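# Tertiary structure, described
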Amino acid sequence: MFDFSYPPRQKGLRTQFLMKTIAWLSMGALLLLATGVWAAPRTARARVAEVQYANEDFKLLDTFEAHRLTKADEVFAKGEFRRARSEYDSFILEFPQTKALAYALLRKARCLHLENKRYEAIKAYQEVLDYFPNVVRYAAPAIYFIGLCHWENGEEEKAVSAWAKMAADKEYSRHPLGASAFNELADYLVKQEKPADAVKYYEQVAFTFRTDNPDAANYAIGRVVVHYVRTNPNEAALRAFYAKVKTFDGRPQKIDGDVVASRNYWTRIQEAISRHGEFPADKSNLRDNFFRYWAEAMEGKFLDWDEYQINIAAYRLNHERDTKKWLERLDKQYSRTTADNVRTIRWIKTFRDHKAKVAEYYRKIDFAKITPGQLIDLMKFAYEDLNDAGMGRSLYERLPFSQLADPLKAELGRYFWKRSPDQAKDLFKMMNDKELGNMELLRCYARDDDMKNGLPLAEEMTKSPTFSVEALRIKADLLFEGKEYAKAIPAYQACDNPPANLWRIADCYAALGKSEQAIGQLREVENFFKQHAPEAALRVAGVYKRFNLRDQHIAALRAVLKKYPKSGQSNAAHLELEKLGVRIGGGVDADQ
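Residues numbered from 1 in each chain as written. Predicted model: local features only at pLDDT ≥ 70, side-chain atom pairs only at ≥ 80, totals over all residues. Heavy atoms only, no water.

On to helix H29 (residues 515-528), then. It helps to recall that an α-helix has 3.6 residues per turn; residues three or four apart then point in one direction. Compared with an ideal rise of 1.5 Å per residue, which puts 14 residues at 20 Å, H29 spans 20 Å between its outermost C-alpha atoms and is within 8% of the ideal. Within the sequence span of H29, burial applies to Ser515, Ala518, Ile519, Gln521, Leu522, Arg523, Val525 and Glu526. Considering only its buried residues, H29 is in contact with helix H28 (500-511), helix H30 (533-546) and helix H31 (550-563). (Helix = DSSP H or I, 4+ residues; strand = E, 2+ residues; numbered from the N terminus. Expected span 1.5 Å × (residues − 1). Buried < 20%, exposed > 50% of the residue type's maximum accessible area, 1.4 Å probe, protein only. Contact = heavy atoms within 4.5 Å.)

On to the environment of Phe132. Mapped onto the fold, Phe132 is located in the loop between helix H7 (118-131) and helix H8 (136-152). C-alpha of Phe132 to C-alpha of Tyr103: the two residues are 29 residues apart in sequence and 9.8 Å apart in space. Those residues within four positions of Phe132 in sequence are excluded, and the remaining contacts are Leu101, Ala102, Leu105, Glu127 and Ala139.

This next bit is on the packing of H30 against helix H32 (residues 568-580). Two quantities define a packed helix pair, namely the angle between the helix axes and the distance between the axes. Contact geometry for H30 and H32: axes closest at 9 Å, N-to-C directions at 25°. The orientation of H30 relative to H32 falls into the category roughly parallel. When H30 is examined against H32, the residues Pro534, Glu535, Leu538 and Lys545 are found in contact with a partner set consisting of Gln569, Ala572, Ala573 and Glu576. Of the residues contributing to the contact of H30 with H32, the split by class is 4 nonpolar, 1 polar and 3 charged. (Axes fitted to C-alpha atoms, helices over the stretch in contact; angles between N-to-C directions. Parallel < 35°, antiparallel > 145°, perpendicular 65-115°, else oblique. Nonpolar A, V, L, I, M, F, W, Y, C, P; charged D, E, K, R; others polar.)

Further remarks concern the state of the cysteines. Covalent bonding between the sulfur atoms of two cysteines defines a disulfide. Overall, the coordinates contain 0 disulfides when judged by the stated rule. Free cysteine Cys149: the closest other cysteine sulfur is in Cys111, separated by 12 Å. Cys149 gets classed as buried once you look at its relative accessible area, which sits at 0%. Between Cys508, a free cysteine, and Cys495, which holds the nearest cysteine sulfur, the sulfur-to-sulfur gap is 11 Å. You can call Cys508 buried: its relative accessible area is 0%. (Disulfide = S-S within 2.5 Å.)

On to the environment of Arg137. Relative to the assigned elements, Arg137 resides in helix H8. In this structure the C-alpha to C-alpha distance between Arg137 and Ala102, which are 35 residues apart in sequence, comes to 9.2 Å. In this view, Arg137 contacts Val51, Ala54, Glu56, Asp57 and His175; residues no more than four positions away in its chain are not counted. A polar side-chain atom of Arg137 sits 3.3 Å from a polar atom in the side chain of Glu56. (Polar contact = N/O pair within 3.5 Å; in protein donor to acceptor, adjacent residues only side chain to side chain.)

With that settled, the discussion passes to the nonpolar core. Of all hydrophobic cores here, the largest spans 97 residues; its most connected members are Tyr88, Tyr125, Leu238 and Ile273. Among the elements that make up this core, the one with the highest residue count is H8 (12 residues). Beyond its immediate sequence surroundings of up to four residues, Ile273 is in contact with Val229, Phe290, Phe291, Trp294, Met298 and Tyr315. The next biggest cluster of nonpolar side chains, apart from the first, holds 51 residues, and it includes Leu375, Leu378, Tyr415 and Ala458. (Core = buried A, V, L, I, M, F, W, Y, C linked by side-chain atoms within 4.5 Å.)

Time to look at the side chain of Ser515. Inspection of the secondary structure assignment puts Ser515 in helix H29. Ser515 sits in the buried class, given a relative accessible area of 18%.

Right, let's get into the packing of aromatic side chains. What the rule picks out here adds up to 35 aromatic pairs. Pairing Trp326 with Phe351 gives two aromatic rings, centres 6.0 Å apart and planes at 80°, and the pair type is edge-to-face. Taken together, the residues span a long stretch of sequence, with Trp326 in helix H17 (residues 323-336) and Phe351 in the loop between helix H18 (341-350) and helix H19 (355-362) at a distance of 25 residues. Residue Trp326 shares its accessibility class with Phe351, and that shared class is buried. For the ring pair Tyr383 and Phe416, a centre distance of 5.8 Å and an interplane angle of 85° mean the geometry is edge-to-face. With Tyr383 in helix H20 (residues 372-384) and Phe416 in helix H22 (residues 406-416), this pair connects stretches of sequence that are 33 residues apart. Residue Tyr383 shares its accessibility class with Phe416, and that shared class is buried. Here the aromatic cluster, defined as three or more aromatic residues joined through ring pairs, consists of Phe207, Phe241, Tyr242, Phe248, Tyr265, Trp266, Phe302, Trp305 and Tyr308. Directly above the aromatic system of Phe145 lies the positively charged group of Arg110, at a separation of 4.1 Å from the ring centroid. For the cation-ring pair, Lys364 lies above Tyr361, with the distance from its terminal atom to the ring centre recorded as 5.1 Å. (Phe/Tyr/Trp six-rings, centres within 6.5 Å; stacked < 30°, edge-to-face > 60°. Lys NZ or Arg CZ within 6 Å of the ring centre and 35° of its normal.)

Turning our eyes to something else, we now look at empty space enclosed by the protein. This model, assessed by the stated rule, comprises 2 cavities of 30 Å³ or more. In this structure, the largest cavity occupies an estimated 40 Å³ of space. If you trace the largest cavity, you find 10 residues lining it, with Arg523, Ala537, Ala556, Ala559 and Lys563 closest to the centre. Mapped by element, the contributors of at least two residues to the lining of the largest cavity are H29, H30 and H31. In terms of residue count, the dominant contributor to the lining of the largest cavity is H31 (4 residues). Each residue belonging to the lining of the largest cavity can be placed in one class, and the counts come to 6 nonpolar, no polar and 4 charged. Empty space within the second largest cavity amounts to approximately 30 Å³. Lining the second largest cavity, in full, are Glu50, Val51, Leu106, Arg107, Arg110 and Phe145. Of the residues forming the lining of the second largest cavity, the biggest block, 3 residues, is contributed by helix H6 (residues 101-114). (1 Å grid on protein atoms, 1.4 Å probe; cavity = no way out; pocket = protein on both sides within 12 Å on 5 of 7 lines; lining within 4 Å. Points joined across faces, edges and corners; volume = space filled by probe spheres on them.)

It is worth spelling out the pattern of salt bridges at this point. Counted according to the given criterion, the structure contains 41 salt bridges. Between Glu80 and Arg83 there is a salt bridge, with the nearest N and O atoms lying 2.8 Å from each other. Exposure remark for Arg83: the relative accessible area of 39% places this residue in the partly exposed category. A salt bridge links Asp89 to Lys108, with the shortest nitrogen-to-oxygen separation between them at 3.1 Å. With a gap of 19 residues between them, Asp89 in helix H5 (residues 81-94) and Lys108 in helix H6 connect regions that are remote in the sequence. Given a relative accessible area of 27%, Asp89 falls into the partly exposed group. One salt-bridge network, in which partners are shared between bridges, spans Arg68, Lys71, Glu87 and Glu94. (Salt bridge = Lys/Arg side-chain N within 4 Å of Asp/Glu carboxyl O.)

Structural data, given as structure tokens:
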């Protein structure tokens, strides 16, 4: 059974809330709901903020107390928890009558907790509760963190018991961390397959902690939405909750008028239906009921809102499985308001799996009024979604190329490069800025490592005042990819963009079998580009490995450990030495 003992000030407390909590938390099998919807990450707990000493209290400390406490807090903030624990201990011993004693005890316990010494931390948190149960600012976090320690130890029952105590206490439960305790209890009830009881906790968090603990409140709001959208669909309850919590947005928002007429509200409902509308194959009855409920709840509103009506038709299709009726509903909605190209293109996309309907609505397009952007959008849809090259080509040929800006022509050229290189080249040639057109073509050759076509163009573009630097780099890269390493070296040297070009030069020397030159280049990076020094040193070791120079390889790895002990490259060197079965120690060239 759970231990529901309380600090001295709470003896005899047996509220209706607590009795319900005891009943709800009966010891049963911990099972997830069949749909698995509620198995959510415990984000509200994961982002717990550290408790700070109140500014108004800090001002009351004497100079020496303030100095020592500030020093301890600074060490804690750096994440040096063992040292911080020592500082808080010293503070407690030096100032046993300090008004900050409860805070210092809490921080000491928190240090143990963050050092993963959770059983010791629980005892330390309990000291706060034993000696300062009425100092809610620090006692409430202590009981919350006791629960967290138990949870992290895998002692779920003890964790829930601690959080139940916190939730049952009128003052503790008002602390911002009380929101997390409520959420934890609600999550536990969901595991016990008691979602109707859990949602009461979630709603309480959403209402009470909207501003004091927004992370926990937003988590709770999300769980309430899931409950009333999927677990137990109830639009009326969801609408009332939306109004009371002042929207589902991250921050509460003013609501003008009746929620039932709010498009923002119904947009969020549709988003939730989409997000939670997946069901296992063996739960088709739940799926049908889900979509039937929401189709009926949304029916008869916003006849001029295409997205809304298209979604209702989709929900009907999901539970009726009647394609003919779905098509009729969409035709009816299209005819309700004035047709324009925007709406027509939307219907074409909606009918993507029905070629006859696509063709029917394609004939409705008013090409005299269509914009280049709409043409391009529909053209890409034809190629990518309909796999209709004929329609795609027809739309392409309708483009007013003389009116297209160079950036748009370049974007289209890049789009067609893999689909039709000749078409892409035509687009690059159409560009008013001929140099930019050639550069776009060169970039395409570079992406394909096309040395045959790219190298001559790169050579030509090195003469361009605007693009010479990029063209030089592309020329060097093409030579490298073409394994023309001797020619690539002077090309990279001409780039003059260290250390990027120096890495490549070292690779070229290594590929040519010139290990000394490769290492010399890497040492240059190490000596003159301190930010990249650890990587250069590790690459030196890689060169020795490549040429089967085992002793030098091991020495270079040890040099990385000695010279750059806090770097990621040091970790990599350590692992490599372990693989080699080598004792970790200093390298003979560590000081070179």
